[in-house]
Every structure is written in C-alpha cells, then in structure tokens.
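Residue-level structural notes
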Protein chains: 2
Amino acid sequence: MNHDGPVGEFGLIRRIRRRVLIGSSTSIAIGDDCAALKLTPGRDVLITTDMLMDGRHFVLAEAGAKAVGRKAIGVNLSDIAAMAGEPVAAVIALALPRHDGQAIADELLDGMLPIAESFGLSLVGGDTNAWEGPLVITVTILGQTTARGPVRRSGAKPGDVVLVTGPLGGSLLGRHLDPAPRIRESLALAEAETIHAMIDISDGLAADLGHILEESGDLGAILDAASIPISPDALTLSGQDGRSPIDHALHDGEDFELCLTVAPETAARLLANPPCPLHAVGRITAEPGLRLANHGHVEAIVMRGFDHLLD
Amino acid sequence: MNHDGPVGEFGLIRRIRRRVLIGSSTSIAIGDDCAALKLTPGRDVLITTDMLMDGRHFVLAEAGAKAVGRKAIGVNLSDIAAMAGEPVAAVIALALPRHDGQAIADELLDGMLPIAESFGLSLVGGDTNAWEGPLVITVTILGQTTARGPVRRSGAKPGDVVLVTGPLGGSLLGRHLDPAPRIRESLALAEAETIHAMIDISDGLAADLGHILEESGDLGAILDAASIPISPDALTLSGQDGRSPIDHALHDGEDFELCLTVAPETAARLLANPPCPLHAVGRITAEPGLRLANHGHVEAIVMRGFDHLLD
C-alpha cells in the first residue's frame, strides 16, 4: 500500500496486472480467487505443471531471472506441444528470495511476457511469496486439444518410424535456458497426418522414447546412430568431456524437440513434404528394449535419462 | 527402476499413479505430458494455484508432511469455493528434500488423498524434484463454474449485508493446517440466492473484505464488533498475547471461511433459512474505508492482513 516503501505482495500483483496481456478466452484474470476461462466447446482441457528451483534447474546468479522466466514458460509450453495442444493460459507461483524479491519478480516477468505473447498464452493468475530460501517458480499451463484430440505417449505401434524435430544433445551449453517450444511444429504435424505417439525431449531421447515404449505396452525401438541429428553443442561438449556426441544426443535432455512415431507410409509422406524440420531416427519394434545400430553392430541403450530424484 | 535401491522420480510417479482415484471427467491422467479433462459443456474453467514453503506456511518438523499435503489441497479448494465453483482436478509440483524425499512424498499423499476424494477432486499430474533445500509444494486446482457462473470479488453494492460462514481468528493454534474448504457451503449459498461478491478468508477478514471493497470500485464497509463470530482459538491467543479477540478475528487470516455480500432482502431470506452456518457482520457503504462499530463508537480498521512479501 506504501508506494515509497517496499511494494509488497499486493503492490507486486497490481504491477503484474498492469503488464500482462489478456486473451479473448479469459473471462476473469488476475485479481480474483481463481481465473476463469472460456474454452472452445467440445475440446478437452490440457493441464501441465513444472517447478524450477535455483541451483537445480538453473543458477540464478549466472542465468539471470529473465532467462529463468522464459525457461519456466517454455518447458510447460513444450508439454502442451507434446500433446498437439493449443496453449491458453498460465498461472505462476513464486517463492522469491526476500532480498531483491521485487527486482527478481520484475525480471522474471520480462522473460515470461514475450514468450507467452508469442504463443498466445495469457498470464491469468498466481501466488507470490517471499522467503529466506532460493528462487522457486512453478508454472502451470492450461491448454486445449484441437478438433483432432490429443496425441498421447501410448499409441506407438511396431513398425512405426521414430522422428525427431531437431538436433539433440549439449543443451547444458545454454539451450536448456532458452527452450523453443515446438507448438507450431506439433500443430502442423498433427494437422498434416495421424501421429501415433509423441513426447517432448526433456529427459533425453533415450529416456523419453523409453516413456513412449513403456506407455505403448512394453515395445522396443532400434535407433540408427547415423540418422540422429547431433547438435553442435553436443560436439563441443564431447570435445570437453570425452563422452561421444551420440551419447550426449541420447542422454543429455532439455532439448525440447519433439519425438514422435508414425506409420511408415505416413513417415514417407511427411519426409517428402515436411511441415517442419523432421529427421527419421529409427523404428518401433515388438521386441522390448532400446537398441542403437552403429556402424553395422547393434548395442543396447539404457533407457534412462536424468532422474530428478536420483541424479 | 531399482526397487531395492532408491525408487527415483519415475518409481515415485508409478507409486502415486497406483494410489490416486481418477474421476469420470479425466480423459488422460498421470503418465503423459499433460493431463486432459472433459468439462461440462458451457461452463467456464476455473484455475487457482498456491505454493506452500517449509518455514513459511508450515514447519515440516512440527506439522508432519501429511498435514502439509492436506493443507496444500485445502487452501486451493478454498479458492474454488470463493468463486462458487466445483473442483475437478489437481496437479502437484514438489521440491522434496533429498534426504527422506520418498517418505515425505508418501506422507504428503496420505494427507492429500482423503481431502481430494471427499471433494471429488482427481489428482491428475505433477512434477517431482529433489534438492538440498526445504520442502516446497505447489498445488494447482482446476474447477468449473456451475450453470450460475462464477461469483466474483467485484460485485459488492452499497447497502449489501456482509456475511461470514464461521468463527474467525487464532488459526495459528492449529486450524491453519487443517482448512475445511467451504465448497458445499458455497454451492448451497449460490444455489439458494444471488451472491453479489465472495472471497475466502485467507489473509484475514479485514484484508479480504478489503479486496472485495477495492475490486467493487473503492467501496467501504462498517462491521459490527458484537456480531463477528470469534473463534475459541482467538480467545486463547488473546489470553496469551494481550491482543484483543476481535483484533485476532479481523487480522489473523487462514480461517478459510467465506466472506460474502448480498442485498439486504437476500440476507434476510438466507438468515431465516440458512443453507449453512451464516453470520451477518456488517454492511457495505458507498463511503470508502473499513470501519468497526464497537460499543457505540466507530473506529477505522486498517485493511491489511498478512502480506507474503512484507511480513
């Protein structure tokens, strides 16, 4: 209430309220107990949440709060993309370091607003807190399915071609802070053809394809090492740590590209006339387990990426 | 993946998945990139989020994780109640202390499941992380409006009667950990009569009524001290700290009762035949500011409760 002194929660909320864009689907935005939204009739609501913690998913002192804000929105948008959904609205919960909390909140917003706007996402509510601990931000995004319904992880079939939308590995060199959620790519793919299964690559291609295999009923896959698009960052990191570039591409995670499986004839059509960057990297098999074909020999891949509890 | 060793994120998610109830509106639950829900056609989606931090909103070592889980769901349900909405589904984001994270997650679930179930709330997804920091839990609840639409903070009118649904103050003695969200009460009130404005009392009656006054266009209110229901906890605390019981009732917060305003004739009907506990505590005035009538004299009340950034 005191504009000369510290602004406080309610002052901060008022400032946020002045800065955010409100989309046409928002019937009640910031300033009530809940936000209210009108979705397109007949569509399912999609909801996804991600919590990012200083020291765990980013280092605030190195990345800056603006990048953190952008990442927090981006990783959630990536989950909406994985279902071939349309983003609608976000709510944001913050634990702000007491020292400098206001400035951090403003910078977070600087990072969140442009990416939200560019994907038609309204920031409709949240919860702001201060404490002695490090910055924690939870973003929850609400989306809706298209008329085609959601694409799930569980629809892969033996014989399906495995595709990815871009180069993988080495995101730690910076891309992990600047995810480019594949919303438009995903909608274009789902519009063009029937996608059997899809996931966004957050834990690494091996682990995330592993989720598709598990959810589709203990299937397997064989990947072709020569076909996997390797990010320049994976090459750089490989030069530094001696792990092979393909190892980085399979296991690093936070690429935020899409991994999808489609019928072989669908893959042929998509690759002949791709609606977005697209690389065929392998095939789904009835035999369980993930394998890598590399220079004529086949080896097993551990389907494990980053585990947030164990690693 | 290793059931003898630490269970890890994916193991924990599998265990959560086995324990939660899935409601009929859930089309995709835990195990995909987003959850998907089918809402009743024609209704608005409601969304609200709250973050609770160890040392700030609870003390884990004293309260135990089960109570924390219950509170995290309860405070969000209370926001749905404030809009006269119906709860549908929740997603939960966790920062678990690395030491003991699995046990804490299980106990949180022990606290969350019964309250979720008793209000028809499905736990449909989440995000689990471990770190060296204290427990942080963000719950986001998705609900839907009834056919009557949402009740907002902004509809109070001069002359309205201010009502509350139960005794206030002293929640710090324990009730703050065990909110009883007034979902049924709110739905019964909105079904019975037209409610002009409503809010749940989380920051204290003075502050939360203040939000109604501000959002309704800088109105005021006069409260009658003798009519405000005082919780026994407020009396106990008053005996300990010397602050008056009415001061506790006005400012303590975390009562999670509802505060609503209705036209005088509506109030008369409601009080003659109350669909839930109901106390008339004052009147909305065109003159801005909050005042308290106490033993014949009228004093100004500061419309400020707990500010999460300043306090």
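This text gives an overview of the structure that appears in the document.

Rules behind the numbers
- Residues numbered from 1 in each chain as written.
- Chains lettered and ligands numbered in written order.
- Predicted model: local features only at pLDDT ≥ 70, side-chain atom pairs only at ≥ 80, totals over all residues.
- Heavy atoms only, no water.
- Helix = DSSP H or I, 4+ residues; strand = E, 2+ residues; numbered from the N terminus.
- Buried < 20%, exposed > 50% of the residue type's maximum accessible area, 1.4 Å probe, protein only.
- Salt bridge = Lys/Arg side-chain N within 4 Å of Asp/Glu carboxyl O.
- Pairing = 2+ DSSP bridges.
- Axes fitted to C-alpha atoms, helices over the stretch in contact; angles between N-to-C directions.
- Contact = heavy atoms within 4.5 Å.
- Polar contact = N/O pair within 3.5 Å; in protein donor to acceptor, adjacent residues only side chain to side chain.
- Parallel < 35°, antiparallel > 145°, perpendicular 65-115°, else oblique.
- Left-handed = near helix turned anticlockwise from the far one by under 90°.
- Nonpolar A, V, L, I, M, F, W, Y, C, P; charged D, E, K, R; others polar.
- Buried area = accessible area lost by both parts, 1.4 Å probe.

Next up on the list: unusual backbone geometry. All names here are of chain B. Non-glycine residue D218 carries a positive phi angle of around 55°. Along the chain, D218 turns up in the loop between α6 (205–215) and β9 (220–224). By relative accessible area, D218 is classed as exposed at 53%. For H295, which is not a glycine, the phi torsion comes out positive at approximately 50°. Along the polypeptide, H295 turns up in the loop between β12 (289–294) and β13 (297–301).

Right, let's get into the pattern of salt bridges. Between side chains of opposite charge, a pair can form when the charged atoms approach closely. Going through the model one piece at a time under the given rule, you end up with 33 salt bridges over all chains. In this structure, R153 of chain A and D32 of chain B form a salt bridge, with 3.7 Å as the shortest nitrogen-oxygen distance. Taken together, the residues span two chains, with R153 of chain A in the loop between β6 (136–145) and β7 (161–164) and D32 of chain B in the loop between β1 (26–28) and β2 (35–37). An identical accessibility class is assigned to R153 of chain A and D32 of chain B; each is buried. With a shortest N-O distance of 4.0 Å, E287 of chain B and R291 of chain B are connected by a salt bridge. Overall, the relative accessible area of 52% leaves E287 of chain B in the exposed class. Accessibility expressed as a relative area gives 15% for R291 of chain B, which makes it buried.

Moving on, we get to the sheet that holds strand β3 (residues 45–53) of chain A. With mixed pairing, the six strands of this open sheet are ordered in space as β5(A)-β4(A)-β6(A)-β3(A)-β2(B)-β1(B). The open sheet terminates on both sides in strands that have one partner only, identified here as β5 (122–131) of chain A together with β1 of chain B. Between one strand axis and the next, the sheet turns by 25° as a mean value, whatever way the strands run. When strand β4 (residues 85–97) of chain A meets β5 of chain A, the two strands line up parallel, connected through nine bridges. From the neighbouring strand, V91 of chain A faces β5 of chain A, where its bridge partner is G125 of chain A. Docked against the sheet, helix α3 (residues 65–82) of chain A engages β3, β4, β5 and β6 of chain A, running at close to 35° with respect to β6 of chain A.

One open sheet holds the six strands; their spatial order is β1(A)-β2(A)-β3(B)-β6(B)-β4(B)-β5(B), and the pairing between them is mixed. Edge positions in the sheet fall to β1 (26–28) of chain A together with β5 (122–131) of chain B, since each of these pairs with one other strand and no more. Recorded for the sheet is a direction-independent mean angle of 25° between the axes of neighbouring strands. Direction of pairing for β1 of chain A relative to strand β2 (residues 35–37) of chain A: antiparallel, over a ladder of two bridges. Paired with I28 of chain A across the strands is A36 of chain A, a residue of β2 of chain A. Contacts between helix α4 (residues 101–118) of chain B and the sheet are confined to β4 (85–97), β5 and β6 (136–145) of chain B, with β4 of chain B contributing the most and set at about 170° to the helix.

Another aspect to go through is the side chain of H248 of chain B. Residues and elements named next belong to chain B. Residue placement: H248 occurs in helix α8 (residues 245–251). On the accessibility criterion, H248 (1% relative accessible area) is buried. A polar contact is formed between the side chain of H248 and the side chain of D252, at a distance of 2.8 Å. Ignoring any residue separated from it by four or fewer positions in sequence, one finds H248 in contact with G169, G170, A234, L237, S238, D241 and R243.

So, about the packing of α3 of chain A against helix α4 (residues 101–118) of chain A. When two helices pack together, their arrangement is given by the angle between the helix axes and the distance between those axes. Residues and elements named next belong to chain A. Close contact between α3 and α4 brings their axes to 6 Å; oriented N to C, the two are set at 40°. Classed by the angle they form, the pair α3 and α4 counts as oblique. Crossing hand, α3 versus α4: right-handed. Contact residues: α3 offers A65, K66, V68, G69, R70, I73, G74 and L77, while α4 offers I104, E107, L108, D110, G111, M112, I115 and A116. Of the residues belonging to the contact of α3 with α4, the class tally is nine nonpolar, three polar and four charged.

Listed by partner, the interface residues are 73 residues for chain A and 73 residues for chain B. Both sides together, the interface formed by chain A and chain B hides about 5,900 Å², and carbon and sulfur atoms give 59% of it. Put simply, chain A and chain B have eight salt bridges between them. D33 of chain A is the partner of R153 of chain B in a salt bridge, and the nearest nitrogen-oxygen pair spans 3.3 Å.

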